[in-house]
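# Residue-level structure breakdown
For reference, the chains in residue letters:
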Amino acid sequence: MNRLVEDLAAFCNTHRLEEKVFVSPSLALGHQVTEALVRSGHPWVNLHVETVHTLARKTIDTDLARAGLRILSRAQALALIEQTCSRTLSPEDYFGRLKDQPGFHRALKATIEDLRGAAVTPGGIRPEPFEDGRKARELRLILDCYEKALAHNHLVDEADVLQRALEKFTNKENRAPADALYLLPENLDLSSLEREFLERIAEDRIYVLATDDPVAWKANSSTINIFHAVGEENEVREVFRRLLHEGIEVDKAEILYTDTATYLPLIYELSSQYDMPCTYAEGIPIIFSRPGQAALGYLEWLDNDYDAGALTRTIEAEVLDLGKVTGDGESAGAVRAARVLRDAGVGWGRERHLSCLDALLLLYKKGQRRKEERGATPSQGKFHQRQIRAVTVVRSFVEAVLKMTPEADADGKIALGALACGGAGFVRTFARVASELDGMASMALQKILEELSFLPDIRLRYGDAIKRLQEALGSAYTGARTPEPGHLHVSDYRLGGYSGREVTFIVGLDDSRCPGGGLQDPVLLDFERRDLNSLISPRRLPLPGERPQENRLAFWACLAQLRGRITVSYSCRNLLEDREQFPAPLVLKLYRSVREEPEADYRALRVGIGRPAGFIPADSMVLDETGWWLERLRESGSREDAIAAVVRQIYPWLRYGWQAEQERSSDRFTVFDGQVRDSGGELDPRISRDPMSCTQIEAIARCPFAYFLRYVLGIEPPNDYARDPTLWLNALEFGSLIHEIFRLFMVEITARQEKPNFAHHWANLKRIAEEQINRWHTRVPSPSIAAFTTQRSQILRACRTFLKDEEIHCQQVTPRYFEVPFGLSSMASDSPIGSSQPVSIDLGEGEELLLRGRIDRVDQRGRDEYEVWDYKSGSAHSLREDKLLNRGRQIQHALYARALEILLARAHQEGRVVTSGYFFPGPRGEGQRVVKKQDRSALNRVLRTLFHLLREGVFPYALDSDDCRFCDYQCVCEGPRKTNERILMKFDREGTGETGIDAFKRLMNCDD
Ligand code: SF4
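Residues numbered from 1 in each chain as written. Predicted model: local features only at pLDDT ≥ 70, side-chain atom pairs only at ≥ 80, totals over all residues. Heavy atoms only, no water.

## Some remarks on the site of the ligand
In the region of the ligand, the neighbouring residues are Cys703, Phe705, Ala706, Tyr957, Ala958, Asp963, Cys964, Cys967, Gln970 and Cys973. The class makeup of the residues in the shell around the ligand is eight nonpolar, one polar and one charged. (Near = heavy atom within 4 Å. Nonpolar A, V, L, I, M, F, W, Y, C, P; charged D, E, K, R; others polar.)

Structure representation (structure tokens):
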């Protein structure tokens, strides 16, 4: 028994039947003490646990209810302070530049609580303690405005409650019956108001219970153990290892920590991982729960202008229950629902969500109809039904969420309460609850948000309102519990050590955490507080600068009251920053006492406590399989290979990975380098007769491995809109838009039998461009006005370049056909030579290729001579003018020239292509035209070589790292550098006899 329990036991023994009120710093802590009393064999009756605040509330609860007053929450207090700052401060004031800073609001909240806790009124903030008179004046104003805001919103804070309770007791008729005895622990820390209230309520019936003197910790020296660990995670893991290894029942142990922000999440995560039931004195951060994650996802969505990517990620995280919108409780499944949002191409913007989902629904329904008309199989029918259902579910979900989410007003402001109300509705309706923690978190979240919705007058900028809610959620905890049977108890050391458990671990005793920094309150400095204290004596404001001394004292007091085995520890390495950490001086003091070596220094401490606990467990203190394997590896010493072989035998996925790595590092070209064995040639379009596009063929030439991933395995990156604030359209979209503008313009003027003329046609072209830009703007959201206007002017500039160049170009030719499709069955065309059938390109030696594509532009020169042009919106830099086909990477001009001749023949027209090339009217192309020479035999040679790779199933990596720069597969490829080095090594091998590789070598050495 510790001293407090002993004293309480003695008091209960001598005052058996009298009413006794044990006044504790918290109810949880008080109950731990009374339970410890019972466990130590001291029954009691008529003993109640209270705090000063529960006593005060009980005194005036009915009065508050009658007056319609509610207790202020932390989130409400911050919101009121933010409002107060914006009302009272202007930029030139002492605090003016901080008025919008959340950090300032938090600091000010603590200052106001201290001032009100010491019953300092606005008038009580005298100017004398302040060097700058403005500071006193502004603090007076802020405090006054805050108090009025409390009254206006019918709220009371803790200081108000105490004041009202005090006033009530001033009136003799209201005094409590003078029979209860009030028992106060000797070390109970009370504010001035709390002390006054207690003295008023208890009068002469206060009894002080002795607690262990902090210096008495030395009595525990013989039971103290010290260890250190590499990083905080290993420190906590070591605690668990010791519990397990020593066979300690978890409900006989308690972990105390010095730093909530670091240790609480770590203990929570590791205890969940090892299935170790715990009770947490401070609770668990709400954001660890599914409802917490759902609420954060919702706020992130709003914060980024309704960024569909944020909503998609929240759905994918499976923290939402979309089944609630369907009525039958059936959801579309998280993966499918997330894909719907991606496929809808929403991007961002509130107004785009439903219209994009409607468009997707229409598309799927059309697809379904088309399939039905052509006779869909039952599985195809089911697939379409699933697609349509998924869109319907997601649409209903989005519609419901939008309905409950208020919009900002014309000034970009919103009522905080309305937004909080929307958030509460979102959590209530859609947050998934799959555990006890989720349930508690959901309730707590709704409570926090609903409390904020009681502040209807607070209007903030939209982003600030979201930040306010994010902060409220980020600092909220739920599920605080007292020690329970079957559970390890976890607590801050300032609140812990009362459970009376036999084994205690105190973690986090490095010098940065213990006793912690003595940072002063930045709003009201310690010297100002001291001067104010002399004016308000006997009341006093706390001095934050003295916190390290207080923490040190609290630590020794905690240690003194512990009984049983004690283990203290610290992390000797910061793994994130890769730097050493040092023990707190009190660890050295403990070491000297434990080892009875008063002269020991830090070196002796480090040596004396042995090797730090790390990732590899020592002495069979193994928690899980990973630890077991690590220990085996350590034990095996030089036999690592043998152990690794056993590991591979047990874990097939590791074995496959290891095999792949072995094969890749060999000098052979293997399946793990991009070899497809036994394909039977079916990947070769000459055999399969699958139509190919120029894009596909050029992709083989750039990087066969990337081609394999995209066109053979069908792997594509998710079509997320990555929001770049400087860019409206990506390169592909930009190109599509200018192609469409040029086509519409050329069709329009050639229908009138006119040739491009800048003076005559600029207005026409500009009108078409504007119409198309606006059409695209509704389809693709713009992240900012600047991005939109920049690209709009680039498009108009490209149009000017186009028209000016065309005016000259068309003096020699007559524009004839535009955007001529062939082999594209889904593409409607009014081009007289367009065809839904692919064209057959003769490759010689009895081989042919079926080609599909679309020719941007065909001009006629003379009677039967034609030119083929491809519009390029980028720059001409990537085009090698000196190379005929650039090893197959620029092959389109040659293939389209041959395709056009076939299309003309199909349309019964005479004609041959005399010129084929590329036109660069875009902002970086500056109107260049690049004409490429035609060489049929070179084309056939290159194509045959490329297709040979496919026939042999050889898909090596790109050799030219330039081709990797914009590759979508960098994340699944080992990266160009390493892969290229390896592939070169493999190719250097003499006489492979592997014809596919020979073909690739031929291609690399080809000059065409
Ligand atoms: S990163 Fe380079 S080597 Fe890898 S797949 Fe892409 S293009 Fe090929």
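## A look at the pattern of salt bridges
Scanning the model with the defined rule gives 69 salt bridges in all. Between Glu246 and Arg565 there is a salt bridge, with its nearest N and O atoms 2.1 Å apart. Linking Glu246 in the loop between helix H9 (232–245) and strand E8 (253–257) with Arg565 in strand E16 (residues 565–571), this pair joins segments that are 319 residues apart in sequence. Relative accessible area serves as the criterion here: at 39%, Glu246 is assigned to the partly exposed category. On the basis of relative accessibility, which here comes to 42%, the residue Arg565 falls in the partly exposed class. Here Asp358 makes a salt bridge to Arg395, at a shortest N to O gap of 2.5 Å. Separated by 37 residues along the polypeptide, Asp358 in helix H14 (residues 352–373) and Arg395 in helix H15 (residues 378–404) bring together distant segments of the chain. With a relative accessible area of 32%, Asp358 lands in the partly exposed category. Residues participating in the shared-partner salt-bridge network are Glu748, Arg752, Glu754, Arg767 and Glu771. (Salt bridge = Lys/Arg side-chain N within 4 Å of Asp/Glu carboxyl O. Helix = DSSP H or I, 4+ residues; strand = E, 2+ residues; numbered from the N terminus. Buried < 20%, exposed > 50% of the residue type's maximum accessible area, 1.4 Å probe, protein only.)

## Examining the nonpolar core
Leu80, Leu108, Trp301, Leu320, Phe397 and Leu452 are the most contacted members of the largest nonpolar core, which totals 91 residues. Top contributing element to this core by residue count: H15, with nine residues. In this structure Phe397 touches Leu311, Ile315, Leu320, Leu322, Val325, Phe426 and Phe430, once residues within four positions along its chain are discounted. Grouped together as the second largest cluster of nonpolar side chains are 58 residues, Leu849, Val942, Leu943 and Cys964 included. (Core = buried A, V, L, I, M, F, W, Y, C linked by side-chain atoms within 4.5 Å. Contact = heavy atoms within 4.5 Å.)

## Some remarks on the packing of aromatic side chains
Summed over the entire model, instances satisfying the criterion amount to 28 aromatic pairs. With a centroid separation of 4.9 Å and 85° between ring planes, the pair formed by Phe397 and Phe430 is classed as edge-to-face. On the criterion of sequence distance, the pair formed by Phe397 in helix H15 and Phe430 in helix H16 (residues 416–430) is long-range, its members being 33 residues apart. On the basis of relative accessible area, Phe430 is assigned to the buried category, the value being 1%. Relative to Trp762, the ring of Phe758 has its centre 5.5 Å away and its plane inclined at 15°; by these criteria the two rings are stacked. Pair noted here: Phe758 and Trp762 are both in helix H30 (residues 758–779), with a separation of four residues, about one helical turn. Each member of the pair, Phe758 together with Trp762, is buried. Among the aromatic residues, ring-to-ring pairing joins Tyr298, Trp301, Tyr306, Phe397, Phe426 and Phe430 into one connected group. Above the face of the Phe454 ring, Arg70 is positioned so that its terminal group lies 4.1 Å from the ring centre. (Phe/Tyr/Trp six-rings, centres within 6.5 Å; stacked < 30°, edge-to-face > 60°. Lys NZ or Arg CZ within 6 Å of the ring centre and 35° of its normal.)

## Here we look at unusual backbone geometry
In the segment running from Cys514 into Pro515, the intervening peptide bond is cis, with an omega of 10°. With respect to the element layout, Pro515 can be found in the loop between strand E15 (503–507) and helix H19 (526–536). Residue Ser537 is joined to Pro538 through a cis peptide bond whose omega torsion reads 15°. Summarising the element assignment, Pro538 is placed in the loop between H19 and helix H20 (547–561). At Asn46, a position not held by glycine, the phi torsion is positive, near 55°. The topology assignment puts Asn46 in the loop between helix H2 (27–39) and strand E2 (47–50). In the Ramachandran plot, Glu819 falls in the positive-phi region, its phi being about 50° despite a non-glycine side chain. Counting through the fold element by element, Glu819 comes out in strand E19 (residues 814–822).

## Notes on the environment of Ile112
Tracing the backbone shows Ile112 in helix H5 (residues 102–117). Residue Ile112 is classed as buried on the basis of its relative accessible area, which comes to 4%. With 35 residues separating them in the primary sequence, Ile112 and Ala77 have C-alpha atoms 10.0 Å apart.

## Considerations on a positive patch on the surface
A cluster of basic side chains, namely Lys365, Lys366, Arg369, Arg370, Lys371 and Arg374, defines a positive patch on the protein surface. Residue position: Arg369 is located in helix H14. (Patch = residues over 30% accessible without salt bridge, like charges linked within 9 Å, V, L, I, M, F, W, Y side chains within 5 Å. Areas by Shrake-Rupley, 256 points an atom, 1.4 Å probe, with all protein chains shown as cover. Lys, Arg positive; Asp, Glu negative; His and termini not counted. Charge placed at Lys NZ, Arg CZ, Asp CG, Glu CD.)

## Some points on the sheet that holds strand E24 (residues 912–920)
Taken in spatial order, the five strands line up as E19-E22-E23-E24-E25 in an open sheet, and their pairing is mixed. With partners counted over all chains shown, the strands left at the sheet margins are E19 and strand E25 (928–932), one partner each. Neighbour-to-neighbour, the strand axes of the sheet open up by a mean angle of 30°, direction not taken into account. Direction of pairing for E24 relative to E25: antiparallel, over a ladder of five bridges. Paired with Tyr918 across the strands is Val930, a residue of E25. Sitting on the sheet, helix H31 (residues 785–809) is in contact with strand E22 (853–861), strand E23 (865–871), E24 and E25, with an inclination near 40° to E22. Contacting E19, E22, E23, E24 and E25, helix H32 (residues 892–906) runs over the sheet at an angle of about 135° to E24. (Pairing = 2+ DSSP bridges. Axes fitted to C-alpha atoms, helices over the stretch in contact; angles between N-to-C directions.)

## What about a nonpolar patch on the surface?
Judged by side-chain polarity, Tyr711, Val712, Leu713 and Ile715 come together as a nonpolar surface patch covering roughly 310 Å² of accessible area. Assignment of secondary structure puts Ile715 in the loop between helix H28 (704–712) and helix H29 (731–751). The class of Ile715 is partly exposed, set by a relative accessible area of 39%.

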